[in-house]
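Now for the letters of each chain:
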Amino acid sequence: MLKIALAQLNPTIGDLAGNGERILAVAEQAVANQVDLLLTPELSICGYPPRDLLLNASFQAAMADRLQSLAQQLPAQLAVLVGLATIAQPPGKPLHNSVALLHDGQVQQVFHKQLLPTYDVFDENRYFQPGESSNHFQIGDYRVGVTICEDLWNDEEFWGKQQYLVNPIAELARQSVDLVVNLSASPYSVGKQQLREAMLQHTARRYQQPIVYVNQVGANDDLIFDGGSIGCDRQGQIICRSQSFHADLSIVNFDGDCLRDLSPTTLAPAVEESSAIWQALVLGVGDYARKCGFQQALLGLSGGIDSALVAAIAVQALGAEKVLGVLMPSPYSSEHSVTDALAVARNLGIETQTIPIGGLMQQFDLALEPMFAGTEFGIAEENLQSRIRGGLLMAIANKFGHLLLSTGNKSEMAVGYCTLYGDMNGGLAAIADLPKTKVYDLCRWLNREREVIPVNIITKPPSAELRPGQLDQDSLPPYEVLDAILEGLVCDHLSVADLVERGFAAATVQRVAQLLRRAEFKRRQAPPGLKITDRAFGTGWRMPIASSVP
C-alpha cells in the first residue's frame, strides 16, 4: 500500500526560503498522517512563473542550494517530489524545468519536463531545454511515472490533434508504470477545471493508468492558479479533489489496483462558474496585495457598477477596514451617482472620502484656454475629469502607500473606452478581463442572498458622466452586442467577414474592430489585469501597436 499526499501550495515567486518552509510544513503534516510520498506543484521551490529571474546565475545557484538543504531537512522516511529549474548540458537552453525526488536526506533522481508550452502566457522555450525521455522511480513495490504539467496535455484522441511529437503518458504506459503523477502550475480560466478533469479522465481510461495531479494555487501578478488537484483511477473516476482557490492537503491510498481517498474532508465539490470567477478575483487581489507588500487598498467610487464590484472584491480579499473609497464628483455627476456610491460603501462597511473636482476642472480650463481658444468642447475636455481623478487617486496612493485598484472592465479595455492617465491609473486592474455583461452577471450573483451591490446601480443605464446626459450607448453598441463581437474578434480570432456572416451588422463590426486596434497603445500602458479567460489583454496578448490591418 502506498499513501500519497497532494500538497496544493501557494508559493511566492523567488521566495526560495519561504517556499521551502511551506514544503517542510506540509511534509510534517504528511508524516503525521503516515504518508509515503508527498507531491508538490511544478517549480514549487521558486514558484511559477519565475520568468526572467531564471536568467540570473545567482538565482539558479540559490535554487540548487535550497534543494540540497531541503533534502537534508525533510523527514528521512518521506519521499518528496519538488519542482525547480536545474542546469542543462549544452548545447541548448541553459535550464531544465525539473522535478527532484528527495528521500533519506538525498536528491535521489531528477526528472525533466518534455513538453514546453509557448502559447498564451507560456514562454518556456525562452528558458528551458526539453527532457529527452519519460522516466519513473521505484517506491516500495510500485513504479511511479513522473510528468510535469504540459506533459499531460498532448493526447491526440482527446484534442483531435497532436501538438507535440511525443506523448509522455504513452511512453510511461509502455514502461508499465503502476501510477502516473503530474506536478502542475496550470493557471485558472473560466471552465478550465472541467477541461482538465475531462482530459485526465480520458487519459486514465485510455492508458488504464491511475493519475494523481497536483496543481499550484494562488495568484502571481496577472495569473491566478486555482488548484483543484485530483486523483483519478484507471477507470477515469475522480476519487479525490482538493479545494479550489485554497491551499490544501489531500491524501490517497494506492494498492496497485485502485486509488482510495483518505482526505480529512469529503471530495471537494466542483465550483459553479460565477462562484469560481468571484473566488479567482478575490484571490488575485488578495495575493497581489500581500505578495507586493500592500496593507491597504483604495479605489475611485463613482456610483457605477464597475467600481462597486471592485470594491466588493477588495473587501472580501483584504477586509473592509483596509479599503478606502474616494468619491470625486464633478458638476456633471448625477445626484444618484453620489448616493449610490455611498450606498455601496455602507453595504460593504468601508470608509469614504469625498473630493469634489469642479474647482480643479476650472483651473485646468483656465490653464488651457489660450491653447484651446477657438475650438469646440470635446473629448479632450471630457477626459480632463478622468485625469484629475486619476491624479488625485495616485497622490493618495503615493502618500499613504496604498494599492490603487483600477476599475475598468474588459469591454472598455478592448475598445479604448477608458482614459489613459485617468481611470486606467493604478497598480492592479481587478476586472480587466471581465466583460461588461459578466460584470452585471457577477453583481446579480453577489446579490443572491442579500443586497451587496445596490439594485439601482445594476438597473440604471451605464454612463461615464463626462458631459450632461451622457450614456455609454451614445458611443458604443449595446454591451450585449459589443461583448459578443469582442468574443469573436479577441477570443475566437474571427474576421469581420466571419462575424457579419453570423448576423452582426457590418458597420458595427467594422467600427468595433477599428476601436480594438486603435486602443492597443492604451492597453500597453495599463496596469496588470487579473486573467480569468482564455484570451486576456495581458502577458498572453502580443499585438503590435503600429500596424495596418484591413
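Per chain, residue numbering runs from 1 following the sequence as it is written. Side-chain atom pairs in this predicted model are given and counted only at pLDDT of 80 or more, local residue features only at pLDDT of at least 70, and totals for whole chains, interfaces and linings cover all residues. For side-chain calculations, the full set of non-hydrogen atoms in the structure is used, while hydrogens and water are omitted.

*Asks:* Got a minute to help me understand the sheet that holds strand E17 (residues 323–327) in this structure?
*Replies:* Hydrogen bonds between backbone groups are what pair the strands of a sheet, and the pairing can be parallel or antiparallel. Should DSSP find at least two bridges between two strands, the strands are taken to pair. Only DSSP runs of H or I reaching four residues or more are called helices, and only runs of E reaching two or more are called strands; each is numbered from the N terminus. A sheet is described by the order of its strands in space; here five strands give the open sequence E18-E17-E16-E19-E20, paired in parallel fashion. Looking along the sheet, the strands with just one partner apiece sit at the ends: strand E18 (351–354) and strand E20 (428–429). Summarising the sheet, strand E19 (residues 403–406) and E20 pair through two bridges and their orientation is parallel. For Ser406, the partnering residue across the bridge sits in E20 and is Ala429.

*Asks:* What should I look at first to understand helix H9 (residues 358–372) in this one?
*Replies:* Since the α-helix turns once every 3.6 residues, residues separated by three or four places project in the same direction. Remark: the principal bend of H9, roughly 30 degrees, maps to Leu366, with a proline, Pro370, within the next four residues. Among the residues trailing H9, Gly374 stands out with phi positive, at a value near 85 degrees. The angle separating two fitted axes, one through the seven residues that finish at a residue and one through the seven that start at it, defines the bend at that residue.

*Asks:* So what exactly am I meant to see when it comes to the packing of aromatic side chains here?
*Replies:* Both the distance between ring centres and the angle between the ring planes are used here to describe each pair of aromatic rings. Two aromatic rings, drawn from Phe, Tyr or Trp (for Trp, its six-membered ring), form a pair once their centres lie within 6.5 Å of each other, and the interplanar angle then sorts them: stacked below 30 degrees, edge-to-face above 60, tilted otherwise. Scanning the model with the defined rule gives ten aromatic pairs in all. Aromatic side chains Phe158 and Trp159 sit 4.9 Å apart centroid to centroid with 90 degrees between the ring planes, which places their arrangement in the edge-to-face category. The rule is simple: take the accessible area with a 1.4 Å probe, protein chains only, and divide by the maximum for that residue type; under 20% is buried, over 50% is exposed, in between is partly exposed. Of the residues examined, Phe158 reaches a relative accessible area of 24% and is grouped as partly exposed. Trp159 sits in the partly exposed class, given a relative accessible area of 30%. Pairing Phe537 with Trp541 gives two aromatic rings, centres 4.8 Å apart and planes at 90 degrees, and the pair type is edge-to-face. Of the two residues examined, Phe537 and Trp541, each falls in the buried class. Members of the aromatic cluster, joined through ring pairs, are Trp153, Phe158 and Trp159. Ring-over charges, as used throughout, are those where CZ of Arg or NZ of Lys falls within 6 Å of the ring centre and within 35 degrees of the ring normal. We note Arg448 situated over the ring of Trp445; from NZ or CZ to the ring centre the distance is 3.9 Å. A cation over an aromatic ring shows up here: Arg523 above the ring of Phe537, its NZ or CZ 4.6 Å from the ring centre.

*Asks:* Quick question: what am I supposed to make of empty space enclosed by the protein here?
*Replies:* Over the atoms, a rolling probe the size of a water molecule traces out where space has been left empty. As defined here, a cavity is a set of points on a 1 Å grid over the protein atoms alone where a 1.4 Å probe fits but cannot get out. A pocket is an open set with protein on both sides within 12 Å along at least five of seven lines, and residues line them when an atom is within 4 Å of a point. Grid points are joined across faces, edges and corners, and a volume is the space filled by probe spheres set on the points. Enumeration over the complete set of coordinates arrives at five cavities of 30 Å³ or more. For the largest cavity, the calculated volume is near 60 Å³. Around the largest cavity sit Ser406, Gly408, Met413, Cys418, Asp423, Met424, Ala429, Ala526 and Pro527, which together line it. The volume enclosed by the second largest cavity comes to roughly 50 Å³.

Keep in mind these values describe shape, not function.
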